[in-house]
Amino acid sequence: MAIRTMGPSGQCDNEPGAAEVALPELLAPAGGLDQMLAAIAAGADAIYAGLGGFNARVSAHGFTDDEFLRGCAVAHAHGVRVYVTLNVFVFDDELADAVALGAHAHELGADALIVADAGLACALRAAIPAVEIHLSTQAGVHSEGAVRLAADELGVERVTTARELAVDEIAALCATGVPIEVFCHGAICIGYSGACEFSALRRGRSAMRGDCTQPCRLAYDLVDEAGESVVSVEGDRLLCPRDYLGIAHLPELVGAGVASLKIEGRMKNPDYVFNVVRVWRRALDMLRDGAWDAAAVSALERELGRSFNRGFTDAYLRGRSGAELMSFERAINQGVRVGHLVTVGHEEVTVELDAAVAAGDTLEIRFYPGADARPDVPKRWPQVPCPVDAAAGERVVVHCKRKVDAGCEVYLIRSAGVLEQTATALEHMRVEADAVVPVARAVEILPFEDAVAVGDVPEAVLAEPTEKGASARMVFAWQLMDADPCGERDLSHATVVLDEVCRAADASRTRSLMWRAGRVVCRNLGQVAMARELGVAFDVAAPVFCANRVTLAWLRGLGAGRVYLPAELVADDAERVAELAACPGVLGPVDADRPELMVCEHCLLTVEGACATDATGQVRCRDCSRRQQTRFLVERDGTRLPVVIDACGRTRIFLS
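Scoring rules and cut-offs
- Residues numbered from 1 in each chain as written.
- Predicted model: local features only at pLDDT ≥ 70, side-chain atom pairs only at ≥ 80, totals over all residues.
- Heavy atoms only, no water.
- Buried < 20%, exposed > 50% of the residue type's maximum accessible area, 1.4 Å probe, protein only.
- Helix = DSSP H or I, 4+ residues; strand = E, 2+ residues; numbered from the N terminus.
- Contact = heavy atoms within 4.5 Å.
- Core = buried A, V, L, I, M, F, W, Y, C linked by side-chain atoms within 4.5 Å.
- Pairing = 2+ DSSP bridges.
- Axes fitted to C-alpha atoms, helices over the stretch in contact; angles between N-to-C directions.
- Arc of directions from axis to C-beta.
- Parallel < 35°, antiparallel > 145°, perpendicular 65-115°, else oblique.
- Left-handed = near helix turned anticlockwise from the far one by under 90°.
- Nonpolar A, V, L, I, M, F, W, Y, C, P; charged D, E, K, R; others polar.
- Salt bridge = Lys/Arg side-chain N within 4 Å of Asp/Glu carboxyl O.
- Phe/Tyr/Trp six-rings, centres within 6.5 Å; stacked < 30°, edge-to-face > 60°.

(A) Focus on helix α14 (residues 507-516). Along α14, the residues that are buried comprise Thr-510, Leu-513, Met-514 and Arg-516. On the buried face of α14, the contacting elements are α13 (477-483), β23 (494-497), β24 (519-522) and α15 (525-534).

Take a look at the structure:
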């Protein structure tokens, strides 16, 4: 399918000879066979799924071999590709099993493998030369340099970028010529993917191993040095973002040249997959046919709201990351608004609708006590069944025992129609899947152990600069933004630990630090690419994640000197990484004195109120007085976690 070149408004350019632009692939999630069949029925172009334990959603239901084989056969019959996620970081003793699983997935019908671990990517390429490899968002790609390095040095055929990027940043990555996959819909991790050790260090379960406990969805307080709460927003889900909603930006994303639009949701039910995929399919078809307009976008967004969501945001795509990104009040399904209460009687209420509802829908009435209510009057969100079909503009009477008031908003949080349509589609697709006589491919696995070697590291590479005979001091780049705002400090006798994030706006500052530092520690593939380009000595540390000797060899091959192990490996997996840790130049965590749990683009201080602006109306994080004050994020058990906001407005949360 193709569309004509589009102007800024998203309307098609109908001038004769206008170039045609291919629509991006629509990539759907599947946590099991029913989800896969639902995605196919809804019009997905490709599906990504986990198989076995080496994926970032280990608690997803998953597939038996027979289910996956049949699912792939049905997908291929409909022209749909299938990708298998192997997007966790693996230890030396797991590499052979992970490669075998990749080969097995390929044998059962997988068209590509999604990988985060550089060592695993190298091993897969050596063992299965013909396999197609996509780089996961867990690898933390934020810049053009990182994209090119991944394509040139890892040989990946596609790169999935960070969710935090704005449309213009995405366009710049697409301009590299490397196929770029971007998230377009679904849940957001508030921390940068691949740069979050919160779950591992506080709960003993690693997001990098597919076992995240989702600390960002829990309740917290933010307090000052005296322990007094400074939160002024309604709610206590201080780290919980809304869900990603990029559909209004579809013309821009297509114009940017993205290769694939990825829907999040391998933990979601089949009805979620079916509804979200079919709406996005409809949107792409409308764009292709020149039927795109603002009214269409509004209708599509309402349809998407009929499936699970925590509220929606397009803040990242617009280059924003403030309070509009967040769902402070609740971390559960928000649904979509369908009306408000006009009268309240005895155990029944009358709803005036501004959107259609159907018999069997579940409605939620949102009651908030008024300003004059007693302090002990609670919020109430009773959920009630809709008794009849009704159109926008009509009124319906609904049974409700709990006390609510006229004026309360009413939301649809479970659509009977979506469930029924999904069930009908699945009934047909299961018949097709049951009729398949699947045949597995023959896949040869070549030995990969000799394809890489750690090798010796020259002493000159390991040597650090010294300052008057003492060990070189180590400083963090995010601290230098305040300590050295004009970039004038002599850093020739220091090792500068660069930021975990390396986006376009960070490039100039990062280059300056590389030129001035005696040595740098790169924490992002984009920084590695930059250091190689500039010819400066560099080490690497997490989120450039090293858990096996093949990754170590790859980093050595790029020119890295010292390799710092992630804090979570030293804390939880010391025995498994003992051999790796014994290699020359491999050290403990770069932030061992104060391990970092998370870094996020969102400024946590927005829970204290709106940001101050300068005379032009711009927010200037560097001049924010709140940043100079001590803040702690407080967990439910009372643990206080230090919070620091840097001059870019990024939040860092540390282990207490």
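(B) Representation of the nonpolar core in the model. Ranked by size, the top nonpolar core spans 172 residues in total, and within it Phe-68, Ile-247, Trp-280 and Val-496 carry the most contacts. Counting residues in each nonpolar core, the second largest holds 21 residues, with Leu-341, Leu-353, Ile-365 and Val-396 among its members.

(C) Region of the structure containing unusual backbone geometry. Cis geometry is adopted by the peptide bond preceding Pro-543, which originates at Ala-542 and carries an omega value of 15 degrees. Although it is not a glycine, Gln-214 adopts a positive phi angle of roughly 55 degrees. Looking at the element boundaries, Gln-214 is found in the loop between α7 (198-203) and β10 (221-223). For Gln-214, a relative accessible area of 42% translates into the label partly exposed. Despite not being glycine, Glu-347 shows a phi value in the positive range, around 55 degrees. As for its placement among the helices and strands, Glu-347 is situated in the loop between β14 (336-345) and β15 (348-353).

(D) The arrangement of the sheet that holds β14 in detail. Taken together, the six strands give an open sheet; going across it, the order is β17-β16-β19-β14-β15-β18, and neighbouring strands pair in antiparallel fashion. Two strands lie at the open edges of the sheet, namely β17 (383-385) and β18 (395-399), each paired on one side alone. Adjacent strand axes in the sheet meet at a mean angle of 40 degrees when their direction is disregarded. As judged from the three bridges shared by strand β16 (residues 362-366) and β17, these two strands associate in the antiparallel manner. Directly across from Thr-362, in β17, lies its bridge partner Pro-385.

(E) Representation of helix α5 (residues 144-154). Burial in α5 covers these residues: Ala-146, Val-147, Leu-149, Ala-150 and Leu-154. Looking down the long axis of α5, one finds its buried residues gathered within 165 degrees of arc, a one-sided arrangement.

(F) Structural view of the packing of helix α1 (residues 33-42) against helix α9 (residues 270-289). The N-to-C vectors of α1 and α9 enclose an angle of 20 degrees; their axes lie 8 Å apart at closest approach. Relative to α9, α1 is oriented roughly parallel. The element α1 and its partner α9 pack so that their crossing is right-handed. Touching Asp-34, Gln-35, Ala-38, Ala-39, Ala-41 and Ala-42 of α1 are Pro-270, Val-273, Phe-274, Val-277, Arg-278 and Arg-281, all from α9. Grouping the constituent residues of the contact of α1 with α9 by class yields eight nonpolar, one polar and three charged.

(G) Highlighting the environment of Ala-547. Among the secondary structure elements, Ala-547 is positioned in the loop between β25 (538-540) and α16 (549-558). When the C-alpha atoms of Ala-547 and Ala-123 are compared, they prove to be 14 Å apart, with 424 residues separating the residues in sequence. In this structure Ala-547 touches Val-90, Phe-91, Asp-92, Leu-569, Val-577 and Leu-580, once residues within four positions along its chain are discounted.

(H) Local environment of the pairing of β16. Where burial is concerned, most of β16 is hidden: five out of the five residues are buried. Of the two faces of β16, the one carrying Thr-362, Glu-364 and Arg-366 and the one carrying Leu-363 and Ile-365 are both buried. Relative to strand β19 (residues 409-414), β16 runs antiparallel, the two being bridged by five bridges. Counterpart to Ile-365 in the pairing with β19 is Val-410.

(I) Highlighting the pattern of salt bridges. Scanning all chains against the criterion turns up 52 salt bridges. The closest approach of N and O atoms between Arg-650 and Asp-506, which form a salt bridge, is 3.0 Å. Placement of the pair is Arg-650 in the loop between β30 (640-645) and β31 (651-654) and Asp-506 in the loop between β23 and α14, with a sequence separation of 144 residues. The pair Arg-650 / Asp-506 is uniform in exposure class, with both members buried. One salt bridge in this structure joins Glu-596 and Arg-652, with 3.4 Å as the shortest N-O distance. Of this pair, Glu-596 sits in strand β28 (residues 596-600) while Arg-652 sits in strand β31, placing them 56 residues apart in sequence. Take Glu-596: its relative accessible area is 8%, and that puts it in the buried class. Assessed through its relative accessible area of 1%, Arg-652 is described here as buried. Overlapping salt bridges bring together Glu-169, Asp-499, Glu-500, Arg-503, Asp-506, Arg-509, Arg-523, Glu-596, Glu-601, Asp-646, Arg-650 and Arg-652 as one network.

(J) Structural context of the sheet that holds strand β29 (residues 631-634). Spatial ordering of the open sheet is given by β10-β29-β30-β31-β28, a layout of five strands whose pairing is antiparallel. Unpaired on one side and paired on the other, β10 and β28 mark the two borders of the sheet. Direction aside, the axes of adjacent strands within the sheet are offset by 25 degrees on average. The sheet contact formed by β29 and β30 spans four bridges and is antiparallel.

(K) The arrangement of the packing of α1 against helix α11 (residues 416-435) in detail. Contact geometry of α1 with α11 gives a least axis separation of 9 Å together with a crossing angle of 105 degrees. Taken together, the axes of α1 and α11 lie roughly perpendicular to each other. Note on element contacts: α11 touches α1 through Ala-425, Leu-426, Met-429, Arg-430 and Ala-433, opposite Asp-34, Leu-37, Ala-38, Ile-40 and Ala-41. Here the contact of α1 with α11 is composed, by residue class, of eight nonpolar, no polar and two charged.

(L) Local environment of the packing of aromatic side chains. This model, assessed by the stated rule, comprises five aromatic pairs. With centroids separated by 6.4 Å and ring planes inclined at 50 degrees, the aromatic side chains of Phe-198 and Tyr-220 adopt a geometry described as tilted. Of this pair, Phe-198 sits in helix α7 while Tyr-220 sits in the loop between α7 and β10; the two residues are 22 residues apart in sequence, bridging distant segments of the chain. According to the relative accessible area criterion, Phe-198 is buried, its value standing at 0%. By relative accessible area, Tyr-220 is classed as buried at 6%. Seen from their ring centres, Tyr-368 and Trp-381 are 6.1 Å apart, and the 75 degrees between their planes marks the pair as edge-to-face. Of this pair, Tyr-368 sits in the loop between β16 and β17 while Trp-381 sits in the loop between β16 and β17, and the two are 13 residues apart along the sequence. On the basis of relative accessible area, Trp-381 is assigned to the partly exposed category, the value being 22%.

(M) Quick look at the environment of Leu-149. For Leu-149, the position within the fold is in helix α5. For the pair formed by Leu-149 and Leu-525, sequence separation is 376 residues and the distance between their alpha carbons is 7.4 Å. When residues no more than four places from it in sequence are discounted, the contact partners of Leu-149 are Leu-154, Leu-525, Val-528, Ala-529, Arg-532, Trp-554 and Leu-558.

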